[in-house]
Amino acid sequence: MNTKGFIFDLDGVIVDTAKYHFLAWQKLAKSIGVDFTETQNEQLKGVSRVKSLEKILNWGQKTISKDEFESLMVSKNDDYLGHINDMDATEILPDVPKILNYLIENKQGVALGSASKNAGPILEKVNLLSKFDVIVDGNSVTKGKPDPEVFLTGAKLLKIEAKNCIVFEDAVAGVKAANAANMISIGIGDKETLHEADYVFSDFTEISIEFIQELINR
Ligand code: B16
Ligand code: MG
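What you are looking at is a predicted structure, and each value in this text was computed from that prediction instead of being measured.

### Focus on unusual backbone geometry
So, step 1. Residues Lys145 and Pro146 are joined by a peptide bond in cis, for which omega reads 15°.
So, step 2. With respect to the helices and strands, the residue Pro146 is situated in the loop between β3 (134-136) and α7 (149-158).
So, step 3. Phi at Lys107 takes a positive value of approximately 55°, unusual for a residue other than glycine.
So, step 4. Considering the arrangement of structural elements, one finds Lys107 in the loop between α5 (96-105) and β2 (109-113).
So, step 5. Backbone geometry places Asn127, a non-glycine residue, at a positive phi of 65°.
So, step 6. Mapped onto the elements of the fold, Asn127 is located in the loop between α6 (119-125) and β3.
So, step 7. You can call Asn127 exposed: its relative accessible area is 62%.

Here it is, written out as structure tokens:
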């Protein structure tokens, strides 16, 4: 039997928390007199909290003290936590459970590969924690996406070679990380934005079970 490792990003792939990150960062940026667009926001997707704030400060050409930096990080996360507080299973993106269940029934490795330090609580809220053999999140890696560490750690914990792993990602940084790990990258979102991925689908409703089975058989 073929065993492949399927590694799922969280924000923007399993749940639409990418919109909450955007709202929280925009509010914070406004509070320090910085404005950024939805196109610029693509650069924040998949990127750690620290790196995201560094980018925003750079866009606004702002220099702040270390203490201020820390307190802005706390404000952003508090605001974000306010958004995710009431999340439940209704916020799981369409057809994600169908694909997860198919992989589990077919004894494939299933891992989470997220940059978020809030990944565990979010998976618990939407009742998906038990679907994953392995969780790798922002608390378990030192180098964020586009570095491949998060996905290579997932493969290692699944005990599956990187070349036998498939990554689902909505972020440019995440697709780059999957490619750098020598894994098959599947972009979830816009074809142009995610053009570096091996395959791109708008969402999981476009991914057939036949395609998943074909990935398993390779
Ligand atoms: P947190 P993913 C990423 O999660 C988000 O895409 C990114 O916008 C966020 O800054 C990062 O997690 C850190 O999240 O502030 O919750 O630790 O897409 O890799 O699942
Ligand atoms: Mg994401």
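### Quick notes on the side chain of Ser114
So, step 1. Mapped onto the fold, Ser114 is located in the loop between β2 and α6.
So, step 2. A residue is classified by how much of its surface remains accessible, and Ser114, at 1% relative accessible area, is buried.
So, step 3. There is a polar contact of 2.9 Å between the side chain of Ser114 and the backbone nitrogen of Ser116.
So, step 4. With residues near it in sequence (within four places) discarded, Ser114 still touches Asp9, Leu10, Ala119, Val136, Asp137, Gly138, Lys145 and Val150.

The rules behind these values
- Residues numbered from 1 in each chain as written.
- Chains lettered and ligands numbered in written order.
- Predicted model: local features only at pLDDT ≥ 70, side-chain atom pairs only at ≥ 80, totals over all residues.
- Heavy atoms only, no water.
- Helix = DSSP H or I, 4+ residues; strand = E, 2+ residues; numbered from the N terminus.
- Buried < 20%, exposed > 50% of the residue type's maximum accessible area, 1.4 Å probe, protein only.
- Polar contact = N/O pair within 3.5 Å; in protein donor to acceptor, adjacent residues only side chain to side chain.
- Contact = heavy atoms within 4.5 Å.

Remember, this is a structural readout, not a statement about activity or role.
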